[in-house]
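Residue-level structural notes
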Amino acid sequence: MNFDFSEDQKLLQKTARDFLAERSPLQVNREVLESRKDWNPELWKATAEMGWQGAAIPESYGGAGFGHLELALVAMEIGRSLAPIPFGPSVYLATEAILLAGSDAQKQKWLTALASGRAVGTLALAEGPGFRAPASLKTTFSGGKLNGRKVGVPAGHLATVAVVVARSGSGVSLALCDLSSGAVTRTPTESIDPTQPCAELVFKDAPAEALGGEGQGQALLERVLDRAAVLLAFEQLGGAERAFEITRDFTMGRYAFGRPIASFQALKHRMADEYVAVELAKSNCYWGAWALSENDPELALAAPSARVSATQAFELTSVEMVQMHGGVGFTWEYDCHLFYRRAKHQGLVIGTASHWREKLVQRLAAKHAA
């Protein structure tokens with residue numbers, strides 16, 4: 001039994017890595033950060049031309065029609081390069097929501113635009129710290145109009161369309177809102193990683209369409225977040241692997257007392273812990289990719305497992321990257337802070353590791369009870 005990706009899939013991954021090495025080295029991330037821009041539109045257009053935004057979108061809607069395994073490998077390379085584009089919000093959240101629940105007309109309109117890169121999507125969920133119970137949502141959707149306020153919306157001021165989680169009647173619904181409407185006010189907010197910006201959105205009778213059945217939004221949201229958790233985990237895995245490799249090379253090339261510092265046992269132990277964390281995350285990510293591509297019920301367990309292990313691996317490798325670079329690890333000139341910023345941002349964007357760990361425990365308990 002082969003648990004690895006196919007040769008064609010590995011070729012796609014290599015192509016993505018080579019492309020990003022040329023078009024999105026770490027200096028591109030730094031240029032966005034230092035220029036106080038929010039993203040790199042030219043890179044976004046170039047990745048769309050490669051078909052990445054439409055990797056999981058059927059060809060009938062303008063996508064490449066690859067599948068989620070291929071998208072996972074592309075996500076991994078996006079993570080390695082720290083590409084300053086809103087790939088996650090648009091591809092893992094908005095696109096997946098429309099794929100799951102959109103009508104044919106909605107898919108024809110928005111998936112075509114998202115696949116081509118002409119549109120950027122996002123998910124508007126949070127209204128404050130933490131995940132709120134459905135009954136506590138203040139944003140409402142009624143009569144085709146949205147009213148309310150969402151905070152921490154990833155790429156909210158860049159996005160063209162948003163999937164908005166709102167209270168509708170006695171339940172929760174997802175609403176598809178064109179953000180170009182004058183009834184939507186968008187205010188950029190600070191992010192720990194300015195290359196992955198966020199915004200506050202205020203809706204005042206903003207026109208919107210129901211995505212999926214009314215009152216079925218909570219179940220649909222869980223499915224969207226599970227799928228996004230796997231894909232984002234691959235981005236985190238890519239970032240963790242790259243941080244580990246840079247740290248390993250640095251410690252092997254830096255000498256103290258006439259020998260590489262990588263030869264000291266204390267650092268060997270720490271590097272070994274990093275390696276184990278990355279390999280554990282990789283196995284969980286592979287499990288998640290399989291469950292996602294097969295639409296298997298195990299995704300309910302695989303998604304939080306991948307999310308938790310990848311978050312832990314990326315945070316560990318980014319922190320150790322700073323530590324093992326010594327004094328220079330804290331300086332602006334070295335790239336350590338780029339990985340630290342991205343790790344912290346991605347560890348929060350769809351819920352913390354603690355949130356996903358609790359979700360995993362609850363689902364395991366429910367499975368055992370059944």
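Before reading further, recall that the structure is shown in the block above.
Keep in mind it's a predicted model, so treat the numbers as computed, not measured. (Residues numbered from 1 in each chain as written. Predicted model: local features only at pLDDT ≥ 70, side-chain atom pairs only at ≥ 80, totals over all residues. Heavy atoms only, no water.)

A closer look at the side chain of Lys-107
The following threshold applies: Numbered from the N terminus, helices here are DSSP runs of H or I no shorter than four residues, and strands are runs of E no shorter than two. In this description, contact between two residues means that some pair of their heavy atoms is separated by no more than 4.5 Å.
Along the chain, the position of Lys-107 falls in helix H6 (residues 104-116). When sequence neighbours within four positions are dropped, the list of residues in contact with Lys-107 reads Tyr-61, Ile-98, Leu-99, Gly-102 and Thr-112.

Looking at helix H11 (residues 353-369)
So the rule is basically this: In a helix, the anticipated span is given by 1.5 Å times the number of residues less one. The rule is simple: take the accessible area with a 1.4 Å probe, protein chains only, and divide by the maximum for that residue type; under 20% is buried, over 50% is exposed, in between is partly exposed. This arc describes the spread of directions from the helix axis toward the C-beta atoms.
Across its 17 residues, H11 extends 24 Å between first and last C-alpha, which sits within 8% of the 24 Å expected from 1.5 Å per residue. Restricting attention to buried positions, one finds in H11 the residues Ala-353, Trp-356, Lys-359, Leu-360 and Arg-363. Taken end-on, H11 shows its buried residues confined to a sector of 120°, consistent with a single buried face. Relative to its buried face, H11 has exposed residues pointing more than 90 degrees away, namely Ser-354, His-368 and Ala-369. On its buried face, H11 sits against helix H7 (217-253) and helix H9 (299-324).

Notes on H9
The end-to-end C-alpha distance of H9 is 36 Å, a good match for the 38 Å that 26 residues give at a rise of 1.5 Å each. Burial runs high along H9: 20 of the 26 residues are buried.

Quick word on the packing of H7 against helix H8 (residues 265-294)
What describes two packed helices is the angle between their axes and the distance between those same axes. Here is the rule we go by: Axis definition: a line fit to C-alpha positions, over the contact stretch in the case of helices; interaxial angles, taken between N-to-C directions, run 0 to 180 degrees. For this classification, under 35 degrees means roughly parallel, over 145 means roughly antiparallel, 65 to 115 means roughly perpendicular, and everything else is oblique. Two helices crossing with the near one rotated counterclockwise from the far one by less than a right angle form a left-handed crossing, whereas a clockwise rotation gives a right-handed crossing.
It is the contact of H7 with H8, at a shortest axis distance of 9 Å, that shows an interaxial angle of 155°. Classified by the interaxial angle, the pair formed by H7 and H8 is roughly antiparallel. As for the relative orientation of H7 and H8, their crossing is left-handed in sense. Of H8, the residues touching H7 (which contributes Arg-227, Val-230, Leu-231, Ala-233, Phe-234, Leu-237, Ala-240, Glu-241, Phe-244, Thr-247 and Arg-248) are Met-271, Glu-274, Tyr-275, Val-278, Ala-281, Lys-282, Cys-285, Tyr-286, Gly-288, Ala-289 and Leu-292.

Observations regarding a nonpolar patch on the surface
Applicable threshold: Like charges within 9 Å and nonpolar side chains (Val, Leu, Ile, Met, Phe, Trp, Tyr) within 5 Å are joined into patches, using only residues over 30% in relative accessible area that form no salt bridge. The accessible surface values rely on the Shrake-Rupley method and a 1.4 Å probe; as for residues, cover is taken only from the protein chains in view. Only one rule defines a salt bridge in this text: a Lys or Arg side-chain nitrogen within 4 Å of an Asp or Glu carboxyl oxygen.
Taken together, the side chains of Ile-192, Val-319 and Tyr-340 make up a nonpolar region of the molecular surface, amounting to roughly 230 Å² of accessible area. Structurally, Val-319 is set in helix H9.

A closer look at the pattern of salt bridges
With the rule as written, the count across this model stands at 18 salt bridges. When the shortest N-O distance is used, the salt bridge between Arg-30 and Asp-335 registers 2.8 Å. Taken as a pair, Arg-30 in helix H2 (residues 26-35) and Asp-335 in the loop between H9 and helix H10 (336-346) lie far apart in primary sequence, 305 residues in all. Its relative accessible area of 6% is what places Arg-30 among the buried residues. Across the pair Lys-282 and Glu-241 runs a salt bridge, and its minimum N-O distance is 3.1 Å. In this pair, Lys-282 sits in helix H8 while Glu-241 sits in helix H7, placing the two residues 41 residues apart along the sequence. Residue Glu-241 is classed as buried on the basis of its relative accessible area of 11%. Each of Arg-17, Glu-77, Arg-80 and Glu-245 takes part in a single network of salt bridges with overlapping partners.

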